[in-house]
Amino acid sequence: MILWLWLCWGFSTSTGQPDSELMARYLEEKLMADYSIMEQVARRVPRQAKFLQRLETRPRMSEFTVKSTIISRYAFTTVSCTMVNSGSEAREGVFEMQIPAAAFISNFTVSIGNKTYYGEVTGKERKHSSDDNAKHKKPPSPTDGRENGYETFKASVFIPRKMQARFLLHYEELLQRRLGKYEYTVSIRPQQLVGRLRVEVNILENSGIVSLEVPPLRNSKHKGNGKVEGDVSPPPSTVVGHTKTLAKVTFNPSVVEQSRIARNGILGDFIIRYDVNRELSIGDVQILNGYFVHYFAPTDLPPLPKNVVFVLDSSASMVGTKLKQTKEALFTILQDLRPEDHFNIIGFSNRIKVWQQDRMVPVTPNNIRDAKKYIHNMSPTGGTNINGALQTGAKLLNDYIAQNDVDARSVSLIIFLTDGRPTVGETQSSKILSNTKDAIRDKFCLFTIGIGNDVDHKLLERMALENCGMTRHFQEDEDAASHLKGFYDEIGTPLLSDIRVDYPEDNVEQVTQNFFPNYFNGSEIIIAGKLINHTSDSLHVEVTASNSKKYIVLKTDVAIDLPSRNDIRGVPGLEDGKGDKNYIERAWSYLTIKELLNSRLKSDDNQEKDYLMEKAKSMALTYNFVTPFTVLKMREAGLHSEPPQEEFISPSTDGIGEKLQSLQGHKAPPGIRRQQDNQRIKISKTSADGDPHFVIDFPSSKFSVCFNIDGEPGDILRLVSDHKESGVTVNGQLIGAPAPPNGHKKHRTYFSTITILSNKPERSYLEITPKRIILDDGERLLLSCDRSAIVRSSSLEVSISANSNITVTIRDTISFVILIHHYKKPAPYQRDHLGFYISNSKGLSSDAHGLLGQFLNHEVKLLQESLNTSRQQVGQNQTEALKPNPTTTLKVKGRLIPVVWKQRRIYNGQQEVDCWFAKNNADKLIDGSYKDYLASHPFDTGTSFGTINSL
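Predicted model, so just to flag it, every value in this text is computed and none were measured.

Participant: What's the story with the packing of helix H4 (residues 321-336) against helix H9 (residues 480-491) in this structure? I'm lost.
Facilitator: Helix-helix packing: each pair is described by the crossing angle between the helix axes and the interaxial distance. Where H4 contacts H9, the axes come no closer than 8 Å and their chain directions differ by 35°. Seen from above, H4 lies across H9 with right-handed handedness. Judged by residue contacts, Gln325, Thr326, Glu328, Ala329, Thr332, Ile333 and Asp336 of H4 engage Ala480, Ala481, Leu484, Lys485, Tyr488 and Asp489 from H9. Residue composition of the contact of H4 with H9, by class: 6 nonpolar, 3 polar and 4 charged.

Participant: Please clarify how helix H8 (residues 457-466) should be interpreted in this entry.
Facilitator: Residues that lie three or four places apart on an α-helix share one face, since the helix turns once every 3.6 residues. What H8 keeps buried is the set Leu459, Leu460, Arg462, Met463, Ala464 and Glu466. Contacts made by the buried residues of H8 are with helix H6 (386-404), strand E22 (411-418), helix H7 (429-440), strand E23 (445-451), strand E24 (471-474) and helix H10 (583-602). One or two residues past the end of H8 sits Cys468, with phi positive at roughly 55°.

Participant: Help me out: how do you make sense of the side chain of Ser156 in this one?
Facilitator: Within the secondary structure layout, Ser156 lies in strand E7 (residues 150-159). Taking the relative accessible area as the measure of exposure, Ser156 reaches 1% and is therefore buried. Of note is the side chain of Ser156, whose polar atom sits 2.4 Å from the side chain of Glu92.

Participant: In this structure, what is going on with the confidence of the model for the chain? I would like to understand it.
Facilitator: Should the pLDDT be low somewhere, the predicted coordinates at that spot are not to be read in detail. For the chain, mean pLDDT is 79; residues scoring 70 or higher make up 78% of the total. Low pLDDT, under 50, characterises residues 562-570; the predicted model gives this stretch 22 contacts beyond four residues in sequence or across chains.

Participant: How should the sheet that holds strand E12 (residues 209-213) be read in this particular structure?
Facilitator: The pairing of strands in a sheet comes from backbone hydrogen bonds and takes either a parallel or an antiparallel form. Strand order in the open sheet formed by 4 strands is E9-E10-E15-E12, with antiparallel pairing between adjacent strands. Two strands in the sheet have a free side with no partner beyond their single neighbour: strand E9 (177-178) and E12. Where E9 lies against strand E10 (residues 181-188), 2 bridges are found, and the strand directions are antiparallel. Bridged to Arg178 within E10 is Lys181.

Participant: Would you take a moment to explain empty space enclosed by the protein for this structure?
Facilitator: The gaps left among the atoms become clear once a water-sized probe is rolled over them. Scanning the entire structure with this criterion turns up 2 cavities of 30 Å³ or more. Its volume calculated, the second largest cavity comes out at about 70 Å³. In terms of lining residues, the second largest cavity is bounded by Phe310, Leu312, Leu330, Ile333, Ile415, Leu417, Ile449, Leu484, Phe487 and Tyr488. Taken together, the elements giving at least two residues each to the lining of the second largest cavity come down to strand E18 (306-313), H4, E22 and H9. Looking at which element gives the most residues to the lining of the second largest cavity, the answer is H9, with 3 residues.

Criteria and cut-off values
- Residues numbered from 1 in each chain as written.
- Predicted model: local features only at pLDDT ≥ 70, side-chain atom pairs only at ≥ 80, totals over all residues.
- Heavy atoms only, no water.
- Axes fitted to C-alpha atoms, helices over the stretch in contact; angles between N-to-C directions.
- Helix = DSSP H or I, 4+ residues; strand = E, 2+ residues; numbered from the N terminus.
- Left-handed = near helix turned anticlockwise from the far one by under 90°.
- Contact = heavy atoms within 4.5 Å.
- Nonpolar A, V, L, I, M, F, W, Y, C, P; charged D, E, K, R; others polar.
- Buried < 20%, exposed > 50% of the residue type's maximum accessible area, 1.4 Å probe, protein only.
- Polar contact = N/O pair within 3.5 Å; in protein donor to acceptor, adjacent residues only side chain to side chain.
- pLDDT = per-residue confidence, 0-100.
- Pairing = 2+ DSSP bridges.
- 1 Å grid on protein atoms, 1.4 Å probe; cavity = no way out; pocket = protein on both sides within 12 Å on 5 of 7 lines; lining within 4 Å.
- Points joined across faces, edges and corners; volume = space filled by probe spheres on them.

Right, dumping it as structure tokens:
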């Protein structure tokens with residue numbers, strides 16, 4: 001999209017001339033004063049004779065200002081440019097601005113003297129009627145002036161003598177996260193030294209700003225590279241300041257500083273990169289005035305194995321630098337493949353050459369070495385058989401997937417690179433698209449790369465869109481090697497597959513894309529929609545994804561009507577805004593229009609294409625966006641209207657405080673039963689909780705036994721030991737706290753960590769604290785306890801109820817529940833801690849041991865000493881009669897233990913348990929002594945009582 005606006009006005013040279021002459025003279029004198037200073041300070045800058053001579057033939061740019069407000073990744077940008085014609089006759093002034101290709105222009109205004117012209121967004125099918133004052137214009141061109149990732153907006157007007165013209169351009173974009181950072185770029189290309197040049201960017205991210213950086217200016221040769229050799233300091237005169245959530249970056253070089261950067265004016269991109277604080281969160285949902293946006297970027301996930309086929313153009317047109325840089329990039333990429341990956345390489349020209357026929361090879365040192373030799377020996381020759389190469393690559397992956405059943409535990413993809421158009425074999429784009437889609441069949445993704453100006457951009461873009469991939473285009477004179485490596489880095493680490501995000505159908509409508517085949521490390525998934533249930537006070541979110549052999553299912557409820565605690569009106573840098581724009585609503589409209597444009601590009605049905613076009617056009621007109629189906633039509637605002645003011649946008653932020661909340665969502669995949677939120681957890685009384693207090697329930701005897709363990713801080717207690725039979729071990733580590741005043745204990749102890757080891761059928765380690773859970777079954781997964789989630793593998797399921805409990809189920813026959821105890825205002829003797837409960841012990845063997853495990857398959861008898869010292873067995877219905885009797889004893893494995901009647905509170909104090917209490921650290925009740933149950937480390941296992949094994 002390039003919009004040429006050739007706007008020509010004929011003004012009387014006498015109208016408003018005195019003021020304009022004074023203004024022009026002032027600006028000229030001001031700029032000349034700067035030149036004088038420049039000659040004194042910057043002696044290396046040559047005389048400006050040629051430059052001043054050019055000023056006599058074209059208007060001089062006296063001011064170039066860019067101001068941007070970024071709120072939660074959505075950027076509003078305003079560009080202001082003033083040109084002064086100090087000549088003796090009317091001259092043409094050309095305003096030219098490169099903007100990101102993903103951005104939408106939302107407003108454009110031109111002011112000349114006392115006349116103002118504003119841009120009105122209209123449907124493109126309506127032909128532009130020539131303005132009364134227009135002399136000529138050029139038709140829009142979608143390719144002229146295009147650079148990698150950027151497009152050119154260009155407008156031309158005739159400026160009467162001794163007058164000035166002012167241009168105001170507004171555009172909006174949703175920043176995309178790549179390689180772990182958002183990048184905001186402003187193109188500064190005035191082509192001359194400017195008296196007043198300023199860039200100001202204000203960023204508000206309620207979740208917190210991290211890793212803020214401003215690299216040196218990037219010139220066109222390095223555009224899109226993201227890497228700068230040598231100096232990495234910000235451009236001269238750059239000032240960066242930020243708090244936890246707000247950042248302000250300004251770039252305000254004087255004429256002298258501009259001349260040091262480039263003699264005839266700055267030519268480069270001003271770049272800001274940053275990320276947001278995610279902590280242990282898996283994303284966040286933001287809600288404002290009936291609209292929501294959901295940012296999903298999980299971290300701390302193990303990478304998925306990948307199966308990748310590199311399909312590389314080796315036709316004659318690749319000769320020289322292009323093929324050399326492609327080889328350099330592939331050498332580096334091959335080194336970055338992981339040991340669990342599989343790969344192959346296809347070179348194509350008029351012939352298709354496969355490195356390893358009919359197979360995908362594992363990543364080994366020898367295979368990497370041989371692959372490099374194959375790439376090194378590739379030589380450019382022949383034509384370009386795009387269709388044949390893609391068919392061969394797709395067959396390789398399809399066969400490998402079918403033979404190895406890798407769908408659920410790896411990600412497959414094709415990386416396709418070419419510099420030309422199809423010249424051999426099938427050459428019709430429609431046939432190539434159809435053949436490629438039929439070959440891939442939604443089983444994997446295709447990523448396309450075009451180099452140079454001869455490639456078929458539309459073909460590569462549509463192939464990627466239709467097959468869940470992305471496309472990139474690099475200029476021939478750019479550093480292709482670093483571009484290729486950078487693109488591979490974006491997709492080289494898949495973390496999740498088959499991601500689906502769901503919201504209640506009766507609560508939302510017009511939700512953007514909510515299913516994504518893959519999530520790559522450092523990227524971000526964004527979903528937006530409208531709320532329709534205005535009576536609900538929360539939005540339920542469910543997320544399902546796969547990570548290698550595990551299903552990850554997450555859920556949350558996000559409050560809708562919480563009052564704002566963080567109204568940013570009045571924040572420095574944002575207080576001058578006059579707009580009242582709902583940035584979340586505009587983000588939703590932005591995403592929706594983008595998806596409609598992509599859907600139309602992929603469609604082969606003319607009727608569907610027309611429908612999608614009209615829908616996109618209607619929304620673009622509603623939100624004043626310039627798209628491929630809408631254009632700007634200039635209209636005069638009035639003969640005596642005020643010049644346009646710099647109405648820098650400060651979008652509405654009502655409710656931004658509490659409504660910018662972290663998300664972890666939840667939807668069970670097929671075959672996984674979803675628990676009801678209000679379902680009571682069914683657990684037995686057998687537990688270790690509190691200080692710690694142990695309770696053993698004997699259902700068949702209809703009574704419970706309890707005891708205390710007075711351990712030392714740092715001790716690790718073996719709770720369940722069945723490593724030899726069921727493969728399960730549970731240990732708990734103690735943390736200390738001061739004893740309450742006037743208490744009989746020297747200190748208190750609580751469980752700070754519960755560790756679970758399951759060794760069958762495969763080894764899994766689980767470490768649980770009150771704040772987080774670490775699951776490691778060969779792939780490390782980190783989860784937060786303050787977000788509800790379910791993670792399930794073939795033999796293990798971990799279910800988190802936020803800030804409440806964690807249920808661990810092993811092979812559906814063993815279940816443990818860990819309660820989370822949090823104190824909002826803890827007393828000195830209180831600590832956040834865990835409680836351990838056994839829910840299902842059917843899968844544990846009769847040889848299970850540990851402080852709790854030894855009682856799971858053994859009966860205990862309750863005896864009473866009579867007055868004549870004769871002993872009689874107590875019946876099951878005589879429990880109440882024994883309460884006051886101090887001589888009651890337990891018989892455990894032939895041992896007699898005196899007990900007393902007590903009551904204990906369990907389940908966070910919600911239930912009282914009547915139990916027989918054994919004193920003295922459970923002396924004689926447990927096998928051996930307390931020290932026999934101490935483990936040397938959290939995952940220490942005992943294969944039999946009194947022995948210790950370390951894994």
